[in-house]
Amino acid sequence: MSVTLPSSSSALLKSGKCRVSIRPNVSSTNLLFKFQRSFPQIRASTGNPSSSLDTGLNSELDAVSSFSEIVPDTVIFDDFERFPPTAATVSSSLLLGICSLPDTIFRSAIETALADSECYAEENSNSRLSCFSNKALVNVGSDLAKLVPGRVSTEVDARLAYDTHGIVRKVHELLKLYNEVEVPAERLLFKIPATWQGIEASRLLESEGIQTHLTFVYRYMRLIIILFSQAAAAAQAGASVIQIFVGRVRDWARNHSGDPEIEAARRRGEDPGLALVTKAYNYIHKYGHKSKLMAAAVRNKQDLFSLLGVDYIIAPLKVLRSLKESAAYPDEKYGFVRRLSPNSAVDYNFKDEELVKWDQLTFASAMGAAAEELLASGLDGYINQTKRVEELFGKIWPPPNV
């Protein structure tokens, strides 16, 4: 689940204004939340494909929620009561956003992290800032775990994207901190870039019972081939959740040509982003992988209706509002048909080259050297967010009363 926050973090970095007040015996868990702790019963259907709407449902949001778990695309500072999130992600961009807002329920989580005695005892400044960042991620993640009924995904430093053992060490560090604040491992996911090294780290962590969330990073060239390679390799590694950005694939397809799979999808009258989710879902279910598939960057109701049956759909607030405000009728234009199901996956046909046992060599071969470079450039945004958090924490530490 991504985060939408209204303020500019660049202004923050220039001013260094994220006030930190140190109070004795203040825990980030002692927060007052002004909302009702009731969450919608949102779950994916597991039965046969359905071609009609249950007449007991009274809004489009009720209808689609019977097919897929709908996750709001924000931590919802504005509409928390109307659209309580069912799951959450804590990331560097969220930390920047919290510091940019004058008053949020998560502010004390960051204040407590920046007052941590173990961190400011670190003599090396890089180690100190890394410690602050880890503590802040976990403190905010701990607070989010109290707000959502589902799992909380914690972003792993993207600078480790090509270091399998570095990723594993970082996840162990974060998990240890979560254990200290009594958030059980079954409530957690760890968000890892789907480089080959990230996929291998996922394999190792899942073998330990630690749940991972692989997210795709890419730029342009041979997009569908790259993404299916990542999805198939991630599924074979046993990743708990695999995330695909539907709208971003479409954006690329509108402005570029030359990808054979995108051109084939166009000729069939298919949307490339939706086609990729369908292909990945069918691969996971046809071949018995445990992974759940998450469709992100869903732009409109048509996208959402076309993906019904996928495990998770991350929907923006404008789409959720429209669904909630629209009555559902059996003769509705889109029919609320389950588009994806384990049963229909059995009939999906894959090419022989798509059914390989993915290893580092076949993975690199599928993408090519140029695509590897573009994959690396796709990580830049995540890395820059992490650096900006550390830069901000460096400007505001030490607090005046430490």
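Going by the annotation in an unreviewed UniProt entry, the name recorded for the protein chain is transaldolase, with Macleaya cordata given as the source organism. If you open the UniProt record of the protein chain and go to Pathway (unreviewed entry), you find "Carbohydrate degradation; pentose phosphate pathway; D-glyceraldehyde 3-phosphate and beta-D-fructose 6-phosphate from D-ribose 5-phosphate and D-xylulose 5-phosphate (non-oxidative stage): step 2/3." As its UniProt record puts it under Sequence similarities (unreviewed entry), the protein chain is described as follows: "Belongs to the transaldolase family. Type 1 subfamily."

Caption draft 1: Molecular detail of the overall build of the protein chain. Of the regular secondary structure elements, the protein chain holds 17 helices and 8 strands. Per-residue burial for the protein chain yields a buried fraction of 55% across its 402 residues. Contacts spanning at least 24 positions in sequence make up 78% of the contacts within the protein chain whose residues lie at least 6 apart.

Caption draft 2: Representation of the pairing of strand β3 (residues 152-155). Burial along β3 is two-sided: Val152 and Thr154 facing one way and Ser153 and Glu155 facing the other are all buried. Sheet topology note: the strand β2 (residues 88-90)/β3 ladder contains 3 bridges and is parallel. Each bridged residue has a counterpart across the sheet, and for Thr89 the counterpart in β3 is Ser153. Direction of pairing for β3 relative to strand β4 (residues 188-193): parallel, over a ladder of 4 bridges. Across the sheet, the residue bridging to Thr154 is Phe190, located in β4. With helix α7 (residues 164-180) bridging β3 and the parallel β4, this β-α-β connection has right-handed handedness.

Caption draft 3: Up close: the confidence of the model for the protein chain. When pLDDT is averaged across the protein chain, the result is 79; 74% of the residues are at 70 or more. Here helix α1 (residues 9-15) stands out as the least confident element of the protein chain, with mean pLDDT 43; α7 is the most confident, with 98. Contacts of residues 2-17 to residues separated by more than four positions or lying in other chains number 34 contacts, the stretch itself having pLDDT below 50. For the stretch residues 19-57, pLDDT sits under 50, and the model shows 83 contacts to residues farther than four places along the chain or on other chains.

Caption draft 4: The arrangement of the pattern of salt bridges in detail. Counted by the stated rule, this structure contains 12 salt bridges. The salt bridge involving Asp116 is made with Lys135; its shortest N-O contact spans 3.3 Å. Taken together, the positions of Asp116 in the loop between α4 (107-114) and α5 (117-120) and Lys135 in helix α6 (residues 125-147) put the pair 19 residues apart, joining distant regions of the chain. Like Lys135, Asp116 is buried. A salt bridge links Arg250 to Asp303, with the nearest nitrogen and oxygen atoms 2.6 Å apart. Of this pair, Arg250 sits in helix α10 (residues 246-255) while Asp303 is found in helix α13 (residues 301-306), placing the two residues 53 residues apart along the sequence. For Arg250, a relative accessible area of 8% puts it in the buried group. Residues participating in the shared-partner salt-bridge network are Asp116, Glu118 and Lys135.

Conventions used here
Residues numbered from 1 in each chain as written. Predicted model: local features only at pLDDT ≥ 70, side-chain atom pairs only at ≥ 80, totals over all residues. Heavy atoms only, no water. UniProt positions renumbered as here; feature names shortened; annotations may be inferred. Helix = DSSP H or I, 4+ residues; strand = E, 2+ residues; numbered from the N terminus. Buried < 20%, exposed > 50% of the residue type's maximum accessible area, 1.4 Å probe, protein only. Contact = heavy atoms within 4.5 Å. Pairing = 2+ DSSP bridges. Right-handed = clockwise from strand over helix to strand, strands pointing away. pLDDT = per-residue confidence, 0-100. Salt bridge = Lys/Arg side-chain N within 4 Å of Asp/Glu carboxyl O.

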